[in-house]
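The primary structure of each chain is shown beneath.
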Amino acid sequence: LYLINYTRDYADDFTLLVGNLIEGSYTDTWNEDRIYHTIRETFWTDRLDIIYDFYNVTLPDNATDMVVMWKGDWTDTSETVYMYLWNWKTSSWDLLTNRIAWYTHMISNTIENESISNYIQDGRVRVRFRDQKVSDGYSYLKTDLLEVQLHYAIYGSIEMIRGGGE
């Protein structure tokens, strides 16, 4: 019998390429507690571009998949925020399937077993957030939790559970 367990890793660094830091720091993304790391789009370009670095990610034996989970708020009703992972094999950013919209407060993207090693090098994983569309005004990306999970299979056993009447 195999059971699925997982590791959790949190950002160790943060790079703001485009946008304005409004409140918090990357350490505020370690817990789901409504204390946000908030970035506002720049006023003149109406854009944001953020990179979070994870430095101590260990690929466990029997890894089954990697999940990048984001929880928070995005205030723009007319555009989405795209999530990317740095692909160390191709030296490029890979666009992830699920995107952040104003009505989504949790997004998770799963990378299957065959591809996990493309995204981890020397314990490092890079996650990027970018918006694409220019809209009127500027919006806020409020990150409450950002987590990289590595799921892996372990051999387990289930002991018989007996009722109190036996």
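Structural data are supplied above this passage.
What this report covers is the structure whose coordinates are included nearby. (Residues numbered from 1 in each chain as written. Predicted model: local features only at pLDDT ≥ 70, side-chain atom pairs only at ≥ 80, totals over all residues. Heavy atoms only, no water.)

### Let's talk about the overall build of the protein
And then number 1: Counting its regular elements, the protein contains zero helices and eleven strands.
And then number 2: Along its sequence from the N terminus, the protein presents helices and strands in the succession β-β-β-β-β-β-β-β-β-β-β.
And then number 3: In the protein, which comprises 166 residues, the share counted as buried stands at 47%.
And then number 4: For the protein, the share of sequence-separated contacts (at least 6 apart) that also reach a separation of at least 24 residues comes to 79%.
And then number 5: Entry remark: accessible area of the protein is about 9200 Å², with carbon and sulfur atoms responsible for 48%.
And then number 6: Here the protein contributes 14 positive and 26 negative side-chain charges, whose respective centroids are spaced 3 Å apart. (Helix = DSSP H or I, 4+ residues; strand = E, 2+ residues; numbered from the N terminus. Buried < 20%, exposed > 50% of the residue type's maximum accessible area, 1.4 Å probe, protein only. Contact = heavy atoms within 4.5 Å. Areas by Shrake-Rupley, 256 points an atom, 1.4 Å probe, with all protein chains shown as cover. Lys, Arg positive; Asp, Glu negative; His and termini not counted. Charge placed at Lys NZ, Arg CZ, Asp CG, Glu CD.)

### Regarding the environment of L48
And then number 1: Position of L48 among the secondary structure elements: in the loop between β4 (37-40) and β5 (49-54).
And then number 2: With a relative accessible area of 1%, L48 lands in the buried category.
And then number 3: Setting aside its immediate chain neighbours within four residues, L48 contacts V18, I39, E41, W74, F129, R130, D131 and L141.

### Considerations on the sheet that holds strand β2 (residues 13-18)
And then number 1: Sheet architecture is open: five strands sit in the order β2-β5-β10-β7-β8, paired in antiparallel fashion. This sheet does not close on itself; its edge strands, each paired only once, are β2 and β8 (92-95). Pairwise comparison of adjacent strand axes, ignoring direction, gives a mean angle of 25° for this sheet.
And then number 2: As defined by bridge partners, strand β7 (residues 81-87) adjoins β8 across four bridges and the pair is classed as antiparallel. Considered in β8, the bridge of W86 is made with W93. (Pairing = 2+ DSSP bridges. Axes fitted to C-alpha atoms, helices over the stretch in contact; angles between N-to-C directions.)

### A short note on the packing of aromatic side chains
Between two aromatic rings, the relevant description is the distance of the centres plus the angle of the planes.
And then number 1: Inspection of the entire model under this criterion finds seven aromatic pairs.
And then number 2: Summarising the aromatic geometry, the rings of F14 and Y52 are spaced 5.4 Å apart at their centres and angled 45° between planes, so their arrangement reads as tilted. Of this pair, F14 sits in strand β2 while Y52 sits in strand β5, and the two are 38 residues apart along the sequence. Each of the two residues, F14 as well as Y52, counts as buried.
And then number 3: Between Y138 and Y140 the ring centres are 6.3 Å apart and the planes differ by 70°, which places this aromatic pair in the edge-to-face class.
And then number 4: One aromatic cluster is present, built from ring pairs that chain together F14, Y52 and F129.
And then number 5: Above the ring of Y138, the side-chain terminus of R40 is found at 4.5 Å from the ring centroid. (Phe/Tyr/Trp six-rings, centres within 6.5 Å; stacked < 30°, edge-to-face > 60°. Lys NZ or Arg CZ within 6 Å of the ring centre and 35° of its normal.)

### Some words on the environment of N5
And then number 1: Within the secondary structure, N5 is located in strand β1 (residues 2-9).
And then number 2: With sequence-adjacent residues up to four places away left out, N5 is seen in contact with L150, H151, Y152 and I154.

### Some points on the pairing of β4
And then number 1: The alternating pattern of β4 places H37 and I39 and T38 and R40 on opposite faces, both of which are buried.
And then number 2: Of the strand pairs in this sheet, strand β3 (residues 20-23) and β4 are connected by three bridges, and their pairing is antiparallel. If you follow L21 over to β4, its bridge partner there is I39.
And then number 3: As judged from the four bridges shared by β4 and strand β11 (residues 140-155), these two strands associate in the antiparallel manner. Across the sheet, residue T38 finds its bridge partner in β11, namely K142.

Purely geometric numbers; function is a separate question.
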